[in-house]
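What the coordinates show
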Amino acid sequence: MDRLDHLEHLDKHLVDELALVARETIRDELRQQTRKQRRKAALYAASGALALYAGAALALALGLALSLGLPDWAAALITAVVLGVAAYVLRSAARPSASRPTAEHEGELPAGRDRVVGGTAPGMPPGGTGPAGYPPVPPVAPGGATGAPPPAGVDPEDPHQRGR
C-alpha cells in the first residue's frame, strides 16, 4: 500500500508541473499576440494620421489653385463644398446596400413601420410600449412648455380658448 501512496503523490506532482508549464506557455503566447496587435494598431493609427494630413494638403492645394482665378473666400467655399460632397459619397458607400431602400423595394416595407426621413422608423422595444431608443416624454403642464400660467380670463380646459 505504501508504494501506491507514493505513486499517487508523484502523479499529483506531475499534474501540477504540467499545469504550471501549460499556464506559462499560454501567458507567453498571449503576450506575443498582444505585442503584435499593439504594433498593428499603432501602424494603423499612424497611417490614418498621415492620410488625414495628406487630405488636408490636397484640400489646401485645391483651394490655392482655385484662388488663382477667384477671390479667396470663393475658393475656400468651393473647396468646402467639394469636401462635403466627397464625405457624403463616402458615407453613402459605407452603408450596407440592404439598408438603402430601392425603387423595387419601396412597397415592401415591413408591417407596422412608417416612412421617415433617412429610412424607416425605429422598431418597437420588446415591451412594445414605445419607439426603441427614445425616452418617454413627460406631459406638458398648462401654460405650454415654458410652464407659465395661462393668461388671465382663459380657461386652460376650454379647447376654444387655447389658441388665444
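Since this is a predicted model, take the numbers as computed values, not measurements.

Some points on the overall build of the chain
Summing up its helical and strand segments, the chain has two helices and two strands in all. Secondary structure elements of the chain occur, N-terminal to C-terminal, as α-α-β-β. When each of the 164 residues of the chain is scored for burial, the buried share is 5%.

Quick word on the side chain of Thr-79
Tracing the backbone shows Thr-79 in helix H2 (residues 72-94). If we ignore the near neighbours within four places in the chain, the residues touching Thr-79 are Ala-59, Leu-62, Gly-63 and Leu-66.

A look at the UniProt feature "transmembrane region" (unreviewed entry) in the chain
The UniProt record marks residues 41-67 and 73-90 with the feature "transmembrane region" (unreviewed entry), using the residue numbering of this structure. Counted over residues 41-67, helix gives 96% and strand 0%. Its end C-alpha atoms are 39 Å apart. Within residues 73-90, the helical portion is 100% and the strand portion 0%, while the C-alpha atoms at the span's ends are 26 Å from each other.

With respect to the confidence of the model for the chain
In this model, the chain carries an average pLDDT of 76, and 59% of its residues clear a pLDDT of 70 or more. In the model of the chain, strand E1 (residues 115-116) stands out as the element of lowest mean pLDDT, 54, in contrast to H2, which has the highest, 89.

Here we look at a nonpolar patch on the surface
A surface patch of nonpolar side chains, about 660 Å² in accessible area, is lined by Trp-73, Leu-77, Val-81, Val-85, Tyr-88 and Val-89. Inspection of the secondary structure puts Val-89 in helix H2. Residue class for Val-89 comes out partly exposed when judged on its relative accessible area of 49%.

About the thresholds
- Residues numbered from 1 in each chain as written.
- Predicted model: local features only at pLDDT ≥ 70, side-chain atom pairs only at ≥ 80, totals over all residues.
- Heavy atoms only, no water.
- Helix = DSSP H or I, 4+ residues; strand = E, 2+ residues; numbered from the N terminus.
- Buried < 20%, exposed > 50% of the residue type's maximum accessible area, 1.4 Å probe, protein only.
- Contact = heavy atoms within 4.5 Å.
- UniProt positions renumbered as here; feature names shortened; annotations may be inferred.
- pLDDT = per-residue confidence, 0-100.
- Patch = residues over 30% accessible without salt bridge, like charges linked within 9 Å, V, L, I, M, F, W, Y side chains within 5 Å.
- Areas by Shrake-Rupley, 256 points an atom, 1.4 Å probe, with all protein chains shown as cover.
- Salt bridge = Lys/Arg side-chain N within 4 Å of Asp/Glu carboxyl O.

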